[in-house]
Amino acid sequence: MTETTALHNHFKEIITSRRSVRMYDPTVKISREEMTEILEEATLAPSSVNLQPWRFLVVDSPEGKSTLEELAPGNKNQVITSSAVIAVFGDMNAFDNADEIMSSDVERGYYPQEIKDQILANYTDLFGRMPAQAFREMILIDSGLVSMQLMLSARARGYDTNPIGGYDKSRIAEAFGMEKERYVPVMLISVGKSAKEPRRTTRLPIGRITEWK
Ligand SMILES: Cc1cc2nc3c(=O)[nH]c(=O)nc-3n(C[C@H](O)[C@H](O)[C@H](O)COP(=O)(O)O)c2cc1C
């Protein structure tokens with residue numbers, strides 16, 4: 001087997017074995033160290049001009065879980081039985097980090113200071129003019145990508161997840177002491193070890209959803 005084939009087989013195993021799991025083994029606890037590694041892998045996802053606008057709230061304490069339970073009554077099982085639920089948000093102030101991110105690139109020698117200055121000036125102009133709604137859409141797309149990568153990173157480590165949109169998005173930020181106008185809710189992701197075989201789901205054939213020109 002070539003290295004490419006082995007890599008692809010491994011990837012295929014990860015993506016085909018991911019299913020939305022709604023009932024977890026409550027005795028399985030993922031350490032904060034390992035959860036941090038999962039988040040680090042997730043944040044290797046691409047984002048618009050590498051702004052990395054995603055923010056994570058890892059709810060793994062009984063108090064946090066009970067707050068969340070009340071916000072997601074239709075998805076209680078996942079909240080109660082999972083090791084943690086990660087609330088993913090998009091940060092409306094994400095551009096404030098552009099300088100720090102690009103300075104770190106320059107420090108590592110990925111590109112020279114002059115290029116950074118030039119790009120940063122362009123981005124400052126671009127984002128200064130961008131309507132809030134367009135920025136919001138951009139950070140939602142980026143945060144969707146990081147969410148998917150988080151679920152795959154968890155699966156590669158033998159854990160299961162469920163993306164959850166069924167929760168009170170109008171109250172989540174404030175319920176956890178976060179600024180509502182700044183942090184845009186994206187989704188919850190429960191993480192843990194499956195306690196029962198999850199439901200299987202089908203996909204539309206590619207011919208139904210694709211056009212070739
Ligand atoms: C953004 C988003 C929101 C979702 N919200 C919920 C939810 O509130 N509750 C739930 O049980 N599943 C939720 N799901 C899971 C979907 O039902 C599931 O992904 C879909 O049925 C396909 O099944 P699979 O994930 O096992 O492949 C959500 C999925 C996504 C992507």
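What you see is a predicted model, and the numbers here were worked out from it, not measured in a lab.

1. With respect to the overall build of the protein
Piece 1. A tally of helices and strands in the protein yields 9 helices and 4 strands.
Piece 2. Going from N to C terminus, the protein has its helices and strands arranged as α-α-β-α-α-β-α-α-α-β-α-β-α.
Piece 3. Taken over the C-alpha atoms alone, the protein extends approximately 55 × 50 × 40 Å along its principal axes.
Piece 4. Within the protein, the fraction of its 213 residues that count as buried is 38%.
Piece 5. Pairs at least 24 residues apart make up 81% of the contacts formed inside the protein by residues separated by at least 6 positions.
Piece 6. Taken as a whole, the protein presents about 12,600 Å² of accessible surface, with 53% of it coming from carbon and sulfur.
Piece 7. Here the protein carries 26 positive and 30 negative side-chain charges, and the mean point of each set is 11 Å from the other.

2. Description of the packing of aromatic side chains
Piece 1. Counted under the stated rule, the structure contains 4 aromatic pairs.
Piece 2. Here phenylalanine 95 and phenylalanine 127 contribute two aromatic rings whose centre-to-centre distance is 5.1 Å and whose plane-to-plane angle is 40°, an arrangement assigned as tilted. Pair noted here: phenylalanine 95 is in the loop between strand 2 (84-91) and helix 5 (98-107) and phenylalanine 127 is in helix 6 (residues 113-129), with a separation of 32 residues, a long-range link.
Piece 3. Relative to phenylalanine 135, the ring of phenylalanine 127 lies with its centre 5.8 Å away and its plane at 90°, an arrangement referred to as edge-to-face. Taken as a pair, phenylalanine 127 and phenylalanine 135 share a single burial class, namely buried.
Piece 4. An aromatic cluster is defined as three or more aromatic residues linked by ring pairs; in this entry it consists of Phe95, Tyr123, Phe127 and Phe135.

3. Focus: unusual backbone geometry
It is generally the case that most residues other than glycine have a negative phi and that most peptide bonds are trans.
Piece 1. Positive phi is not limited to glycine here, since valine 49 has a value of about 40°.
Piece 2. Here valine 49 is to be found in the loop between helix 2 (32-42) and strand 1 (54-59).
Piece 3. One non-glycine residue, glutamine 52, adopts positive backbone phi at about 50°.
Piece 4. Assignment of secondary structure puts glutamine 52 in the loop between helix 2 and strand 1.
Piece 5. With a relative accessible area of 25%, glutamine 52 lands in the partly exposed category.

4. Re the site of the ligand
Piece 1. Taken together, 13 residues form the shell around the ligand, and within it Ser20, Arg22, Asn75, Gly165 and Arg203 come nearest.
Piece 2. Arginine 22 places a side-chain nitrogen or oxygen 2.6 Å from an oxygen atom of the ligand.
Piece 3. Here an oxygen atom of the ligand sits 2.9 Å away from a polar atom, N or O, in the main chain of glycine 166.
Piece 4. Taking 620 Å² as the accessible area of the ligand by itself, protein coverage stands at 63%.
Piece 5. By residue number, the principal contributor to the shell around the ligand is strand 3 (residues 160-164), which donates 3 residues.
Piece 6. Residues belonging to the shell around the ligand are distributed by class as follows: 2 nonpolar, 7 polar and 4 charged.

Each value, and the rule that gives it
Residues numbered from 1 in each chain as written. Predicted model: local features only at pLDDT ≥ 70, side-chain atom pairs only at ≥ 80, totals over all residues. Heavy atoms only, no water. Helix = DSSP H or I, 4+ residues; strand = E, 2+ residues; numbered from the N terminus. Buried < 20%, exposed > 50% of the residue type's maximum accessible area, 1.4 Å probe, protein only. Contact = heavy atoms within 4.5 Å. Areas by Shrake-Rupley, 256 points an atom, 1.4 Å probe, with all protein chains shown as cover. Lys, Arg positive; Asp, Glu negative; His and termini not counted. Charge placed at Lys NZ, Arg CZ, Asp CG, Glu CD. Phe/Tyr/Trp six-rings, centres within 6.5 Å; stacked < 30°, edge-to-face > 60°. Near = heavy atom within 4 Å. Polar contact = N/O pair within 3.5 Å; in protein donor to acceptor, adjacent residues only side chain to side chain. Nonpolar A, V, L, I, M, F, W, Y, C, P; charged D, E, K, R; others polar.

By themselves these figures say nothing about function.
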